[in-house]
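# Secondary and tertiary structure notes
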Amino acid sequence: MRLRNVPGSEAIVGNSPFVVQEAGKTRGHWKAAFGNDNPIHIEVGMGKGKFLNTMAMGNPEINYIGIERYTSVLLRALQKMEENPLPNLLFICMDASELEQVFGEGEVSRIYLNFSDPWPKARYAKRRLPSRQFLARYDKILEPGGRIEFKTDNRALFDFAVEELEPAGWTARQISYDLHRDGEMMEGNVMTEYEEKFSSAGNPICKYIVYRTADFLQNNTESTTG
Ligand code: SAM
């Protein structure tokens, strides 16, 4: 994402009631932060927050948390919330490499990665959000049976992400290399800012839904024997 520094964004994000400050202090207590017992879904690298805003409006029984490291970007999501505050949506301004300091073991039910930065140079592969290093972090915070959903138009990044799954202990339940022509996977699809931009330019969108391999095998055995 090309980043334009917005003067004053740090102070606005630092004082916003929609942004959890010192998020590590809420580790293990996220449901209490929302005041209910609903599941927690997070988007890592949320950008300007269109996806989460739409999801939160459509699914009031889910608590959503958006994670974005740049205040200048997060600011745009705050503007949407000021116009239409949603009780089931919060934001954290942080680097996702610190996820385990902010979420307790199994505290998150679902993780969305949408149009993650590709970091094309091999030496930066571990910064890619679907890399095995990040999958190990997601493994710590995701509840048993929890899933990760990843979308991108970047085929090289998607191929890399698929290759990372098996060595990291994850299995894909669904994969599409052209999401917008896949009736089943498109059901209920909510477009992100980047998805709108790239799909309208004609780029096919790739998507996977993955589970820990152990959970996947258990579920499949249960559904074939039961
Ligand atoms: N998810 C949005 C979408 O699909 O429209 C935004 C996609 S944009 C290409 C990627 C976003 O992820 C950027 O805003 C970037 O700052 C954020 N991001 C990338 N790596 C991150 C990290 N390690 N921690 C937090 N945010 C990150």
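Anything mentioned here points back to the structure above.
Residues numbered from 1 in each chain as written. Predicted model: local features only at pLDDT ≥ 70, side-chain atom pairs only at ≥ 80, totals over all residues. Heavy atoms only, no water.

## Remarks on the sheet that holds strand β4 (residues 108–114)
Taken in spatial order, the seven strands line up as β3-β2-β1-β4-β5-β7-β6 in an open sheet, and their pairing is mixed. In this open sheet, the two strands that pair with only one neighbour each are β3 (89–93) and β6 (170–176). Recorded for the sheet is a direction-independent mean angle of 20 degrees between the axes of neighbouring strands. In the sheet, strand β2 (residues 63–68) pairs with β3 via five bridges, with the strands oriented parallel. Counterpart to isoleucine 65 in the pairing with β3 is leucine 90. The strands touched by helix α3 (residues 50–58) are β1 (40–44), β2, β3, β4 and β5 (142–152); relative to β2, the strand with the most contacts, the crossing angle is about 175 degrees. Packed on one face of the sheet, helix α6 (residues 132–141) meets β1, β4, β5, β6 and β7 (206–212) and runs near 140 degrees to β5. (Pairing = 2+ DSSP bridges. Helix = DSSP H or I, 4+ residues; strand = E, 2+ residues; numbered from the N terminus. Axes fitted to C-alpha atoms, helices over the stretch in contact; angles between N-to-C directions. Contact = heavy atoms within 4.5 Å.)

## A closer look at the site of the ligand
Neighbouring residues of the ligand: 19 residues in total, closest Gly45, Glu68, Ala96, Asn114 and Thr192. Between the ligand and the protein, one listed contact pairs an oxygen atom with a side-chain N or O atom of glutamate 68 at 2.6 Å. Take tyrosine 194: an N or O atom from its main chain is 3.0 Å from an oxygen atom of the ligand. Most atoms of the ligand, that is more than half of them, are within 2 Å of grid points of the largest pocket. For the shell around the ligand, the per-class residue count stands at nine nonpolar, four polar and six charged. (Near = heavy atom within 4 Å. Polar contact = N/O pair within 3.5 Å; in protein donor to acceptor, adjacent residues only side chain to side chain. 1 Å grid on protein atoms, 1.4 Å probe; cavity = no way out; pocket = protein on both sides within 12 Å on 5 of 7 lines; lining within 4 Å. Sits in = over half its atoms within 2 Å of the grid points. Nonpolar A, V, L, I, M, F, W, Y, C, P; charged D, E, K, R; others polar.)

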